[in-house]
Amino acid sequence: MQRRRFLQSLLGLCLVPLNALAAAWNKAAFEATHLQQAAEGLTIANEQPSNDITLIAPDRAENGAVVQVEIVSNIPNTEALALFVAENPTPLIANVMLSPGTQARLVTRIKMAQTSQVKVVAKVGNQYFTHSKQVVVLEDGCGGSDTDAKFESSMKMRAKLVNDVTEVKVIIVHPMTTGRAKNSAGQLIPAHFIQTVDATLNGKPVLEAHCSTAISKNPYFTFYIAGAKLGDTVMVKWQDNMGYTDQSDIKVSI
């Protein structure tokens, strides 16, 4: 793996993924402070409740800094999944765009500031379907942590083929600071978070995830690709708001 830090003047350029799924990180939606504003930023309208969407999350979260969620849409032709936490300072957690052959299923870990509805919206053409769950939070997880240490990142990946579906697991070492926590000297720690995660299979896009500061420290993602074969190459690349980027690849195995 190689890591580069781009000059601030090049930040806008380096944050644009170079693939067919590419879309600019939606600043208005991710920085919106109300759920409705965040949804409007993604042009979500006329949502319909659906039992074909599954949201797996704990009923009670002991630590709001690390809440694992799994979202699944069984609605055919789902092309994007958006995840919200209504009572977070910025409700939009992630927006995940899927290519054909990538299952509408994602596992990740998020931060929750307080007890809240966790909401998933699935985009299917021009229609939007939704499902929500209440999660009780016992300890605020949105403040972030004191991390004045020099930034160094790494990435671990696994791609395992099971019954014609490849399960890809990714862990990225990254502070994911929110910009709301203070260090030991009482100074605010700047926001430093991964904005985009792009995945390809043999060079072809399979997934593009746009993230907020509310993805947990050391982000964890699991996603699922249909049609991959043993020996195929899965590559994952991420970019953050400070201009850092990294990528890694792995062969599909059993």
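Refer to the structure presented above.
Here we summarise the structure given alongside this text. (Residues numbered from 1 in each chain as written. Predicted model: local features only at pLDDT ≥ 70, side-chain atom pairs only at ≥ 80, totals over all residues. Heavy atoms only, no water.)

**Some details on the nonpolar core**
And then number 1: Of all hydrophobic cores here, the largest spans 68 residues; its most connected members are Ile-110 and Phe-223.
And then number 2: Excluding anything up to four places from it in sequence, Ile-110 contacts Gly-64, Ala-65, Val-66, Val-67, Val-69, Leu-83, Val-85, Ile-93, Ala-214, Ile-215 and Ser-216. (Core = buried A, V, L, I, M, F, W, Y, C linked by side-chain atoms within 4.5 Å. Buried < 20%, exposed > 50% of the residue type's maximum accessible area, 1.4 Å probe, protein only. Contact = heavy atoms within 4.5 Å.)

**Brief notes about the pattern of salt bridges**
And then number 1: Under the defined criterion, the tally for this structure stands at seven salt bridges.
And then number 2: Its salt-bridge partner being Glu-70, residue Arg-105 comes within 2.8 Å of it at the nearest N-O pair. Pair noted here: Arg-105 is in strand β8 (residues 102–110) and Glu-70 is in strand β5 (residues 67–73), with a separation of 35 residues, a long-range link.
And then number 3: On the accessibility criterion, Arg-105 (28% relative accessible area) is partly exposed.
And then number 4: The buried category is assigned to Glu-70, whose relative accessible area is 16%.
And then number 5: Residues Lys-123 and Glu-79 are paired through a salt bridge, measuring 2.7 Å at the closest nitrogen-oxygen approach. (Salt bridge = Lys/Arg side-chain N within 4 Å of Asp/Glu carboxyl O. Helix = DSSP H or I, 4+ residues; strand = E, 2+ residues; numbered from the N terminus.)

**So, the sheet that holds β5**
Strands belonging to one sheet form pairs held by backbone hydrogen bonds; the direction of such a pair is parallel or antiparallel.
And then number 1: Taking strand neighbours across the sheet as the criterion, the six strands line up as β3-β5-β8-β15-β12-β11 in an open arrangement whose pairing is antiparallel. Only two strands of the sheet have a single partner each, and these edge strands are β3 (53–56) and β11 (155–162). Taken over all neighbouring pairs, the strand axes of this sheet differ in orientation by 15 degrees on average, direction set aside.
And then number 2: Relative to strand β15 (residues 220–226), β8 is paired through four bridges, and the arrangement is antiparallel. Bridge pairing links Leu-106 to Phe-223 in β15. (Pairing = 2+ DSSP bridges. Axes fitted to C-alpha atoms, helices over the stretch in contact; angles between N-to-C directions.)

**Observations regarding the pairing of strand β6 (residues 80–85)**
And then number 1: Taken across its six residues, β6 has six buried, putting it largely inside the fold.
And then number 2: Neither face of β6 is left uncovered, since the one carrying Ala-80, Ala-82 and Phe-84 and the one carrying Leu-81, Leu-83 and Val-85 both have all their residues buried.
And then number 3: Bridge analysis of β6 against strand β7 (residues 92–98) gives five bridges, and the strand direction is antiparallel. Within β7, the position partnered with Leu-81 by the bridge is Val-96.
And then number 4: Where β6 folds back onto β7 in an antiparallel hairpin, the turn is made up of six residues.
And then number 5: Pairing of β6 with strand β9 (residues 116–124) involves six bridges; the strand directions are antiparallel. Bridging across to β9, Phe-84 finds its partner in Lys-119.

From the geometry alone we can't say anything about function, so treat these as descriptive.
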